[in-house]
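# Coordinate analysis (summary)
As a plain string of letters, each chain reads:
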Amino acid sequence: MGEESIYNLLPSVRQPEAKNPRYKSVFNSAVKEEYKSHKTASKTMGPAKVPLNEPAAYLTKRSKEPVLPEKSQFVRPNADHKKPSVPLRNEKPVMGLKSNKNFIHTNAVENIMSVSKKPQPKYVDTPGGATNNLDDSGLVPKYIKKDNYGTVPKYLETRKKQMAEHQKNYEQYIQQRLERGALNQITADERRATLEGLKKNWEELHLQYQGLSVVTDTAPKKARKERMEAEMKQLEKDIDTIEKTQDYIRH
């Protein structure tokens, strides 16, 4: 009886269950665009629509056989350069031709005037007597007998000139940097004017420093006081340096 309530007599409205958001791929838009572009349409089965022939253009017998060109007379490529024809059997060669050349004397003179052929130099490197060419073995000092042996190659001379030019340009660059960073000694008048200017700046800064409040209870007041103290110390250091030493300035 304790669980009975008048509110239980009213029909209750069921709240719909909250569903998780539907999964959506990040490549959804790319796939749609690729599908619309028809890049992969008919990839394996051929085109979707094959153009049909007209009813009058039906397949006939031997219509797919290759069409040969028309017959023409064969012409050899070297027809203009024919060899002389073979002599006939009843044609006789010219007989009785004689030469006045003395072949024995000519051969003797050619042998006397000819230079004897030198044998090719070889070397033996096995007990069995196997011979090899001596010129290709590297045992003959033929490279040191060349005209250009011991001379410096042209590419090395060119590279040497380039390196010398680069070194010269580098030295000029260093000299310019040194001259740009060099110091010049100032004159007595310039030294006195510089001292007076530094002291005047220090006095103005010191006057502003004396006008600060004694209590630095805020961060801006503290920062301003520290900044002014640092500037005054730097001015004092510069004044002391100029008074004790000879001053130089940069270009």
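Conventions we followed
Residues numbered from 1 in each chain as written. Predicted model: local features only at pLDDT ≥ 70, side-chain atom pairs only at ≥ 80, totals over all residues. Heavy atoms only, no water. Axes fitted to C-alpha atoms, helices over the stretch in contact; angles between N-to-C directions. Helix = DSSP H or I, 4+ residues; strand = E, 2+ residues; numbered from the N terminus. Parallel < 35°, antiparallel > 145°, perpendicular 65-115°, else oblique. Left-handed = near helix turned anticlockwise from the far one by under 90°. Contact = heavy atoms within 4.5 Å. Core = buried A, V, L, I, M, F, W, Y, C linked by side-chain atoms within 4.5 Å. Buried < 20%, exposed > 50% of the residue type's maximum accessible area, 1.4 Å probe, protein only. pLDDT = per-residue confidence, 0-100.

### Remarks on the packing of helix H4 (residues 188-210) against helix H5 (residues 219-244)
Put simply, H4 and H5 touch, their axes get as near as 10 Å, and they point 155° apart. The pairing of H4 with H5 is recorded here as roughly antiparallel in orientation. Our pair here, H4 against H5, has a crossing hand that is left-handed. On H5, the residues touching Arg191, Thr194, Leu195, Leu198, Lys199, Asn201, Trp202, Leu205, His206, Gln208 and Tyr209 of H4 are Lys225, Met228, Glu229, Glu231, Met232, Leu235, Glu236, Asp238, Ile239, Ile242, Glu243 and Lys244.

### Structural notes on the nonpolar core
Considering soluble globular proteins, one finds that nonpolar side chains tend to be buried as a cluster. Of all hydrophobic cores here, the largest spans eight residues; its members are Leu195, Leu198, Leu205, Met228, Met232, Leu235, Ile239 and Ile242. Residue assignment for this core shows that the elements contributing at least two residues are H4 and H5. Per-element accounting of this core gives the leading share, five residues, to H5. Not counting residues up to four positions away in its chain, the partners in contact with Met232 are Trp202, Leu205, His206 and Tyr209.

### Looking at the confidence of the model for the protein
Scored by pLDDT, the protein has a mean of 84; 91% of the residues are at 70 or more. Model confidence for the protein, summarised as mean pLDDT per element, is weakest for strand S4 (residues 248-250) at 52 and strongest for helix H2 (residues 103-113) at 92.

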